[in-house]
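# Report on the structure
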Amino acid sequence: GVAAAGSRGLTGHYGIWRVQMPQSSSTGEPTVTHKRGIFGKNVVPKNCSGICAPAQGANLMVGDNGYLYVLHSNTATRGCRIAGGTTPTALGCIVNLPDGRWLAGGSDGALYVGRAEPVPELEERLVLGEGLRGREAELLSSTSTPHFGNLAVRGDLVLAGTLENVLMVIDFPAREVLRVLQVAHCGNAWALDFHPSVSIMATGSQTRGVRFWNVAERRPAVGKVLRTVSGVSSVAFGGESGGVLAVGCTEGSLEVYAFPSLMAAYRESLSRAGEQIGDLRFSPRGDYLAAAC
């Protein structure tokens, strides 16, 4: 068999590595050859972000300029922008679908579907909560715009990964997000606390946010995100019922919210020097809150 891959960062060129596997009866090693490809008269991306090799026809490649390229031998013979309007949208990945079409993921939270023969053609643009249905799709789209970075196809299912560390399973014929497997912080998570009465856990990150996790089901509470002014270094649930959530921030401020509504109740800077709030502790009845900085 032959596999191909595109390289990044080669100005005006792309790289193709072909891996020739030995015959099944042979004990030889695979042979790898490398060639430089050219874009011809097509618009050149800064980075080639994804490539796929259909069972029949030419290889396909996408770039961070929103273009899809048809590759014959070492030349991009066709190129057309399929993502973005006046401002180009980056395409981060592309895969083959079982019906012969291609599926690409964009930085605008959309999946693009189309055909390459006889010419590249966009047929569908699917967005979470619109073209891609499902309760978890709606919840996820309410908190962030996913930047698709990887796709894998197995039968009718598509596994999609984003640059925000989200992993989801999509029933593609039904255009439905079946489940969000993972939602993670984009930066280091320094804060964690369990709710005292329900199976919920809160975690805080230096990337300005608090996320919540369903401990009983061992999965993220999709769609529930608290955005903070600065990075989060500590969190604590207060009261016997856990009706208060305190958040300590990296620049020395304290934020208090009602839980589960997440309505802001209080905010004050505790450190004139801007020291981070390293720890928070409520008294057993939730009457007092101690902060360490």
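First things first, this report covers the structure right here in the doc.

This part is about the packing of aromatic side chains. Counted by the stated rule, this structure contains five aromatic pairs. Seen from their ring centres, Tyr-14 and Phe-39 are 5.3 Å apart, and the 75° between their planes marks the pair as edge-to-face. Taken as a pair, Tyr-14 in strand E1 (residues 13–20) and Phe-39 in the loop between strand E2 (31–38) and strand E3 (48–52) lie far apart in primary sequence, 25 residues in all. Using a relative accessible area of 1% as the deciding quantity, one classes Phe-39 as buried. Aromatic ring contacts, followed pair by pair, group Tyr-14, Phe-39, Tyr-67 and Tyr-69 into a single cluster. Stacked on the ring of Phe-172, the Lys or Arg Arg-175 has its end atom at 4.1 Å from the ring centre.

What follows concerns the sheet that holds strand E18 (residues 219–227). Spatially, E15-E16-E17-E18 is the arrangement adopted by the four strands of the open sheet, whose pairing is antiparallel. The sheet is open, and its two edges are formed by strand E15 (189–194) and E18, each paired on a single side. The sheet shows a mean angle of 25° between the axes of neighbouring strands, taken without regard to direction. In terms of strand pairing, E15 meets strand E16 (residues 200–205) through five bridges, oriented antiparallel. Bridged to Ala-191 within E16 is Gly-204.

A few words on the sheet that holds strand E7 (residues 91–96). Pairing in this open sheet of four strands is antiparallel, and the strands run E7-E8-E9-E10 from one edge to the other. If you trace the sheet from one side to the other, it starts and ends with E7 and strand E10 (121–127), each paired once. Mean inter-strand twist for the sheet, computed between neighbouring axes without regard to direction, equals 25°.

What counts, and at which threshold
Residues numbered from 1 in each chain as written. Predicted model: local features only at pLDDT ≥ 70, side-chain atom pairs only at ≥ 80, totals over all residues. Heavy atoms only, no water. Phe/Tyr/Trp six-rings, centres within 6.5 Å; stacked < 30°, edge-to-face > 60°. Helix = DSSP H or I, 4+ residues; strand = E, 2+ residues; numbered from the N terminus. Buried < 20%, exposed > 50% of the residue type's maximum accessible area, 1.4 Å probe, protein only. Lys NZ or Arg CZ within 6 Å of the ring centre and 35° of its normal. Pairing = 2+ DSSP bridges. Axes fitted to C-alpha atoms, helices over the stretch in contact; angles between N-to-C directions.

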